[in-house]
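# Topology and contacts: notes
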Amino acid sequence: PGDVIGINNPGNFAIGDTLHTGNTNLAFPGIPSFSPEKFSYIRSPNPSEYKSFRKGIDQLLDEGAVQALRQRNDDGGGPLLLAAVGQLQFEVVQDRLKNEYGVESIMEPLGYSLARWADGGW
C-alpha cells in the first residue's frame, strides 16, 4: 500500500489521479494550486517548426508545467500567454521544448505580477 509507480501516460491520466484495486472509494486532499506571479508570451521563431512547437506546448500544459492564459475575446488564435509561479518554470519549458521536441522558442516577459478572476461585468 502506498507505492508510487511511474506509468507511460498517453493522455489518459492527469496529475493527482489515483489507481487502486478494490470496491472502496478513496478520497485525498487536492493538490495545491498557486496563483502565478510571472507571465510571458512564448512563440516559435521558426514557422516551419510550429507543429512540433504546438505539440510540445500542449504536452507541457497537460503535465501542468505552466498555465496558459488567453486575452478576453481570444478564440485560441492569439499569442500564447504562459503563467508560472517562478521563472524556473519558463526555463524548464524552453529547455524541454528544445531537447524533447527539437524546437526553439522565444519568451517575451510581461511586467505583470498578479492574476485574479474578475467577478461581474466589464
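For the structure itself, look to the data block above.
Residues numbered from 1 in each chain as written. Predicted model: local features only at pLDDT ≥ 70, side-chain atom pairs only at ≥ 80, totals over all residues. Heavy atoms only, no water.

## Brief notes about the overall build of the protein
- In terms of regular secondary structure, the protein is built from two helices and four strands.
- Relative to the globule expectation of 14 Å for 122 residues, the C-alpha radius of gyration of the protein, 17 Å, shows a markedly less compact shape.
- Each principal axis of the C-alpha atoms in the protein carries an extent, and together these give about 50 × 40 × 25 Å.
- Accessible surface, the protein as shown: approximately 9600 Å² in total, 51% of it carbon and sulfur.
- Seen as two clouds, the 10 positive and the 15 negative side-chain charges of the protein have centres 5 Å apart. (Helix = DSSP H or I, 4+ residues; strand = E, 2+ residues; numbered from the N terminus. Rg over C-alpha atoms; globule rule 2.2 N^0.38 Å. Areas by Shrake-Rupley, 256 points an atom, 1.4 Å probe, with all protein chains shown as cover. Lys, Arg positive; Asp, Glu negative; His and termini not counted. Charge placed at Lys NZ, Arg CZ, Asp CG, Glu CD.)

## Some words on the pairing of strand 1 (residues 38-43)
- For strand 1 and strand 3 (residues 80-84), the ladder comprises five bridges, and the chain directions are antiparallel. Paired with K38 across the strands is A84, a residue of strand 3.
- Sheet analysis places strand 1 next to strand 4 (residues 106-110), joined by five bridges and oriented antiparallel. Following the sheet pairing, S40 is matched in strand 4 by P109. (Pairing = 2+ DSSP bridges.)

## Description of the packing of aromatic side chains
- Applying the stated criterion to the full structure yields one aromatic pair.
- Aromatic side chains Y50 and F53 sit 6.1 Å apart centroid to centroid with 40° between the ring planes, which places their arrangement in the tilted category. Residue Y50 and its partner F53 are both found in helix 1 (residues 50-63); the two are separated by three residues, about one turn of the helix. (Phe/Tyr/Trp six-rings, centres within 6.5 Å; stacked < 30°, edge-to-face > 60°.)

## Here's the deal with the nonpolar core
- Counting residues in each nonpolar core, the largest one holds 14 residues, and the members touching the most others are I42, I57, L82, V93 and L97.
- The residues contacting I57, other than those within four sequence positions of it, are I42, L80, V93 and L97. (Core = buried A, V, L, I, M, F, W, Y, C linked by side-chain atoms within 4.5 Å. Buried < 20%, exposed > 50% of the residue type's maximum accessible area, 1.4 Å probe, protein only. Contact = heavy atoms within 4.5 Å.)

## Let's talk about a nonpolar patch on the surface
- A cluster of nonpolar side chains, contributed by I5, I7, F13 and L19, occupies part of the molecular surface with about 400 Å² of accessible area.
- Along the chain, the position of L19 falls in the segment before strand 1. (Patch = residues over 30% accessible without salt bridge, like charges linked within 9 Å, V, L, I, M, F, W, Y side chains within 5 Å. Salt bridge = Lys/Arg side-chain N within 4 Å of Asp/Glu carboxyl O.)

## Notes on the side chain of S40
- Looking at the element boundaries, S40 is found in strand 1.
- Given a relative accessible area of 2%, S40 falls into the buried group.
- If near-sequence neighbours (up to four positions away) are discounted, S40 is found in contact with L80, L81, L82, F90, M107, E108, P109 and L110.

Remember, this is a structural readout, not a statement about activity or role.
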